[in-house]
Amino acid sequence: QVQLKESGPGLVQPSQTLSLTCTVSGFSLTSYSVHWVRQHSGKSLEWMGRMWSDGDTSYNSAFTSRLSISRDTSKSQVFLKMNSLQTEDTGTYYCATTLFDYWGQGVMVTVSS
Amino acid sequence: DIVMTQAPLSVSVTPGESASISCRSSKSLLHSNGITYVYWYLQKPGKSPQLLIYRMSNLASGVPDRFSGSGSETDFTLKISRVEAEDVGIYYCGQLLENPYTFGAGTKLELK
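Below or above, wherever it landed, is the structure these notes cover.

### Some details on the interface of chain A and chain B
Part 1: In this assembly, 20 residues from chain A lie in contact with 15 residues from chain B.
Part 2: The interface formed by chain A and chain B contains zero salt bridges.
Part 3: Counting the contacts that link chain A with chain B gives nine residue pairs in polar contact (both at pLDDT 80 or more).
Part 4: When the residues that make up the side of chain A that touches chain B are grouped by side-chain class, the tally is eight nonpolar, nine polar and three charged.

### Notes on the state of the cysteines
Here, disulfide denotes a covalent bond that connects the sulfur atoms of two cysteines.
Residue and element names in this part refer to chain A.
Part 1: Summed over all chains, the structure comprises two disulfides over all chains.
Part 2: Covalent S-S linkage joins Cys 22 and Cys 95, the inter-sulfur distance amounting to 2.1 Å. With the S-S dihedral at roughly 75°, the linkage between Cys 22 and Cys 95 falls on the right-handed side. Of the two residues, Cys 22 is situated in strand β3 (residues 18-25) and Cys 95 in strand β9 (residues 91-97); the sequence distance between them amounts to 73 residues.
Part 3: Judged by its relative accessible area of 0%, Cys 22 falls in the buried class.
Part 4: Given the relative accessible area of 0%, Cys 95 is considered buried.

### Quick notes on the pairing of strand β8 (residues 75-80) of chain B
All names here are of chain B.
Part 1: Across the two faces of β8 the burial differs, with Phe 76, Leu 78 and Ile 80 buried and Asp 75, Thr 77 and Lys 79 not buried at all.
Part 2: The sheet contact formed by strand β3 (residues 19-25) and β8 spans six bridges and is antiparallel. What sits directly across from Ala 19, in β8, is Ile 80.
Part 3: The pairing of strand β7 (residues 67-71) with β8 spans five bridges and is antiparallel. In the strand pairing of β8, Gly 69 is matched with Leu 78.

### Some details on the sheet that holds β3 of chain B
Residue and element names in this part refer to chain B.
Part 1: Pairing within the open sheet is antiparallel, and its four strands lie in the order β1-β3-β8-β7. Of all the strands in the sheet, just β1 (4-7) and β7 have a single pairing partner and so form its edges. Taking the axes of each pair of neighbouring strands and ignoring which way they run, one obtains an average angle of 20° across the sheet.

### Quick look at the nonpolar core
Part 1: The biggest cluster of nonpolar side chains holds 39 residues, and the ones touching the most others in it are Phe 100 of chain A together with Trp 40, Leu 52 and Tyr 91 of chain B.
Part 2: For this core, the secondary structure elements donating two or more residues are β5 (45-51) and β9 of chain A together with β2 (10-13), β3, β4 (38-43), β5 (49-54), β8 and β9 (89-95) of chain B.
Part 3: By residue number, the principal contributor to this core is β4 of chain B, which donates five residues.
Part 4: Grouped together as the second largest cluster of nonpolar side chains are 24 residues, Phe 27, Ile 69, Leu 85 and Val 109 of chain A included.

### Concerning the packing of aromatic side chains
Part 1: With the rule as written, the count across this model stands at 10 aromatic pairs over all chains.
Part 2: The interplanar angle of 85° and the centroid separation of 6.0 Å between the aromatic rings of Phe 27 of chain A and Tyr 32 of chain A together place this pair among those described as edge-to-face.
Part 3: Among the residues examined, Tyr 32 of chain A registers a relative accessible area of 46% and is labelled partly exposed.
Part 4: Between Phe 100 of chain A and Phe 103 of chain B the ring centres are 5.6 Å apart and the planes differ by 80°, which places this aromatic pair in the edge-to-face class. On the criterion of chain membership, the pair formed by Phe 100 of chain A in the loop between β9 and β10 (107-111) and Phe 103 of chain B in strand β10 (residues 102-103) is interchain, its members lying in two chains. Considered together, Phe 100 of chain A and Phe 103 of chain B belong to a single accessibility category, that of buried residues.
Part 5: Members of the aromatic cluster, each reached through a chain of ring pairs, are Trp 47, Tyr 94, Phe 100 and Trp 103 of chain A together with Tyr 41, Tyr 101 and Phe 103 of chain B.
Part 6: We note Arg 50 of chain A situated over the ring of Trp 52 of chain A; from NZ or CZ to the ring centre the distance is 3.6 Å.

Cut-offs and rules
Residues numbered from 1 in each chain as written. Chains lettered and ligands numbered in written order. Predicted model: local features only at pLDDT ≥ 70, side-chain atom pairs only at ≥ 80, totals over all residues. Heavy atoms only, no water. Contact = heavy atoms within 4.5 Å. Salt bridge = Lys/Arg side-chain N within 4 Å of Asp/Glu carboxyl O. Polar contact = N/O pair within 3.5 Å; in protein donor to acceptor, adjacent residues only side chain to side chain. Nonpolar A, V, L, I, M, F, W, Y, C, P; charged D, E, K, R; others polar. Disulfide = S-S within 2.5 Å. Helix = DSSP H or I, 4+ residues; strand = E, 2+ residues; numbered from the N terminus. Buried < 20%, exposed > 50% of the residue type's maximum accessible area, 1.4 Å probe, protein only. Pairing = 2+ DSSP bridges. Axes fitted to C-alpha atoms, helices over the stretch in contact; angles between N-to-C directions. Core = buried A, V, L, I, M, F, W, Y, C linked by side-chain atoms within 4.5 Å. Phe/Tyr/Trp six-rings, centres within 6.5 Å; stacked < 30°, edge-to-face > 60°. Lys NZ or Arg CZ within 6 Å of the ring centre and 35° of its normal.

Now the structure itself:
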């Protein structure tokens with residue numbers, strides 16, 4: 001069955017870089033795209049970017065200058081890197097499939113010194 | 001960016017009764033291919049969101065047929081018939097028509 005699992009550090013210092021990994025199973029990254037979505041505590045969902053099945057990427061312009069999404073198809077992993085983190089970047093980060101039909105459990109990230 | 005506006009922000013429903021949630025988009029979500037790119041999600045307490053309805057009116061796999069979606073190009077409705085305890089959570093509408101994909105603020109459904 002389709003599964004996604006996010007992993008990464010729970011605590012990041014301000015101005016540092018966040019690196020998250022989404023490991024998928026049950027489907028191929030060359031057939032389906034994967035999104036990254038952020039959710040501030042108690043708030044709505046914010047789309048960050050997308051890794052398309054052909055390897056292309058799309059980004060929300062709100063993050064473009066500091067966000068990078070990449071993948072390793074051999075490991076079934078999609079990566080998120082975001083630099084210049086601030087306290088406002090604290091939240092839960094999810095990866096999800098093409099129609100946001102399957103989601104990971106999310107990883108809580110706190111930006112604090 | 002396309003703004004998705006939901007109403008109400010919260011709704012309290014007696015089990016067995018029905019509930020409706022509205023969502024309005026700032027731009028038509030009807031593509032030239034005839035598909036309306038509005039989606040509905042439910043986030044149960046402490047869980048990840050789950051897809052309920054795709055392309056305005058199509059029931060996602062495994063979702064009870066108590067859920068239904070309808071609408072026009074900019075006004076959409078999620079209806080829940082015979083609300084059950086497992087339906088408690090926050091409902092979001094979202095648009096996947098264009099970048100950036102955007103979501104409504106959410107509607108919290110509680111039981112009376």
